[in-house]
Amino acid sequence: MNSPKHVAIIMDGNGRWGLKNKKSRNLGHRAGIKTVEKIIKSSIKNKIKYLTLYAFSTENWKRPKLEIKFLLNLLESFLKNKINELNENGIKIKIIGDIKKFPKKIQVNLLSSQKKTINNNKLNLVLALNYGSKNELLNAIKIIKAKKMKINESSIVKSLYTYGIPNPEILIRTGNTKRLSNFLLWQLSYSEIFFEKKMWPDFNEKDYKKILDKFKKIKRNFGNI
Ligand code: FPP
């Protein structure tokens, strides 16, 4: 039986859930935070070591300014209100993505959350923020060129935002949509992908556990037979 170390999640469907249930996309994002909290707790319970959440993509800047502002404020207040609880529960926060495009005070908040939790080892909570795989690969190539390294698999892996993090065994995408949306394209090469019909705010611990149990029964060949 395989026990997954790393689960990555595309938390899709907040907007549609919000419009349907609260007549507001933003209230869907707010409801999505509750699911984030549940899935963090459940990851610890299920001994997952890395949980990566796609919280803001490089493409999300195309959204209306007010929605972007709401999402960033939500992230900021989540970290402000929850950082002590996350820290007490042994959660280490790691940011992947180019956060220099975020407002200064959010950058400060993100970096101090990383710093505060650096010695924790119960769960690595990886937040993908202004993250896009194409940007990550371009960035890696620039690093390799600047450091005059040889181009090979190892130098690319070393230059990705995810260096030091094992590849996800599992990708979950909620929201009844089947695409990868520029998320961890290199790292997901051999991951098992689970597309979930439910919108993110409706996704719960039971749904998560079902996926983890299904994964454990999969025979993984990695190109072999
Ligand atoms: C996708 O749903 C969701 C996002 C772009 C943002 C997810 C962000 C959060 C849950 C809040 C911040 C996260 C953390 C980790 C504190 P969508 O808006 O694309 O949904 P739709 O497809 O129904 O429009």
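For clarity, every value in this text was computed on a predicted model and none was experimentally measured.

Q: Help me out: how do you make sense of empty space enclosed by the protein in this one?
A: Take a probe with the size of a water molecule and roll it over the atoms, and the empty space left behind shows itself. Within the structure shown, the criterion is met by 1 cavity of 30 Å³ or more. By volume, the largest cavity amounts to about 30 Å³. In this structure, the largest cavity is lined by His 6, Thr 162, Ile 165, Pro 166, Asn 167, Pro 168, Leu 184 and Gln 187. Taken together, the residues of the lining of the largest cavity sort by class into 4 nonpolar, 4 polar and no charged.

Q: Can you help me understand the pattern of salt bridges in this one?
A: A side chain with one charge can pair with a side chain of the opposite charge if their charged atoms come near. Under the counting rule described, the total for this entry stands at 12 salt bridges. Measuring nitrogen to oxygen at the nearest pair gives 3.1 Å for the salt bridge that ties Arg 173 to Asp 12. In this pair, Arg 173 sits in strand β5 (residues 170–173) while Asp 12 sits in the loop between β1 (6–10) and α1 (14–22), placing the two residues 161 residues apart along the sequence. Among the ionic pairs, Arg 63 bridges to Glu 67, the shortest N-O distance being 2.8 Å. It is possible to trace a salt-bridge network through shared partners that takes in Asp 12, Arg 16 and Arg 173.

Q: Is there a simple way to explain a positive patch on the surface in this structure?
A: Together, Lys 22, Arg 30, Lys 34 and Lys 38 make up a region of like positive charge exposed at the surface. Assignment of secondary structure puts Arg 30 in helix α2 (residues 25–45).

Q: When you look at the packing of aromatic side chains in this model, what are you seeing that I'm missing?
A: Two descriptors summarise a pair of aromatic rings, namely the distance from one centre to the other and the angle between the planes of the rings. All told, the structure shown has 10 aromatic pairs when counted by the stated rule. Between Tyr 54 and Tyr 131 the ring centres are 6.0 Å apart and the planes differ by 75 degrees, which places this aromatic pair in the edge-to-face class. Taken together, the residues Tyr 54 in strand β2 (residues 50–57) and Tyr 131 in strand β4 (residues 123–131) connect sequence positions 77 residues apart. On the basis of relative accessibility, which here comes to 9%, the residue Tyr 54 falls in the buried class. Take Tyr 131: its relative accessible area is 0%, and that puts it in the buried class.

Q: What is the right way to look at the site of the ligand in this model?
A: Surveying the vicinity of the ligand reveals 16 residues, the closest of which are Asp 12, Arg 16, Arg 25, His 29 and Arg 63. Within the contact set of the ligand, an oxygen atom lies 2.9 Å away from a side-chain nitrogen or oxygen of Arg 25. Side-chain polar atom of Arg 63 to an oxygen atom of the ligand: 2.7 Å apart, as the coordinates give it. Relative to its unbound accessible surface of 620 Å², the ligand loses 91% to contact with the protein.

Q: I'm lost on the pairing of β5 in this one. Help?
A: Consecutive residues of a regular strand have side chains that alternate between opposite faces of the sheet. The alternating pattern of β5 places Ile 170 and Ile 172 and Leu 171 and Arg 173 on opposite faces, both of which are buried. Pairing between β1 and β5: 4 bridges, direction parallel. Paired with Ile 9 across the two strands is Ile 172, which belongs to β5. In this structure, β5 lies alongside strand β6 (residues 192–195), joined through 4 bridges in parallel fashion. Looking across to β6, one finds that Ile 170 is bridged to Glu 192.

Calculation criteria
- Residues numbered from 1 in each chain as written.
- Predicted model: local features only at pLDDT ≥ 70, side-chain atom pairs only at ≥ 80, totals over all residues.
- Heavy atoms only, no water.
- 1 Å grid on protein atoms, 1.4 Å probe; cavity = no way out; pocket = protein on both sides within 12 Å on 5 of 7 lines; lining within 4 Å.
- Points joined across faces, edges and corners; volume = space filled by probe spheres on them.
- Nonpolar A, V, L, I, M, F, W, Y, C, P; charged D, E, K, R; others polar.
- Salt bridge = Lys/Arg side-chain N within 4 Å of Asp/Glu carboxyl O.
- Helix = DSSP H or I, 4+ residues; strand = E, 2+ residues; numbered from the N terminus.
- Patch = residues over 30% accessible without salt bridge, like charges linked within 9 Å, V, L, I, M, F, W, Y side chains within 5 Å.
- Areas by Shrake-Rupley, 256 points an atom, 1.4 Å probe, with all protein chains shown as cover.
- Lys, Arg positive; Asp, Glu negative; His and termini not counted.
- Charge placed at Lys NZ, Arg CZ, Asp CG, Glu CD.
- Phe/Tyr/Trp six-rings, centres within 6.5 Å; stacked < 30°, edge-to-face > 60°.
- Buried < 20%, exposed > 50% of the residue type's maximum accessible area, 1.4 Å probe, protein only.
- Near = heavy atom within 4 Å.
- Polar contact = N/O pair within 3.5 Å; in protein donor to acceptor, adjacent residues only side chain to side chain.
- Pairing = 2+ DSSP bridges.

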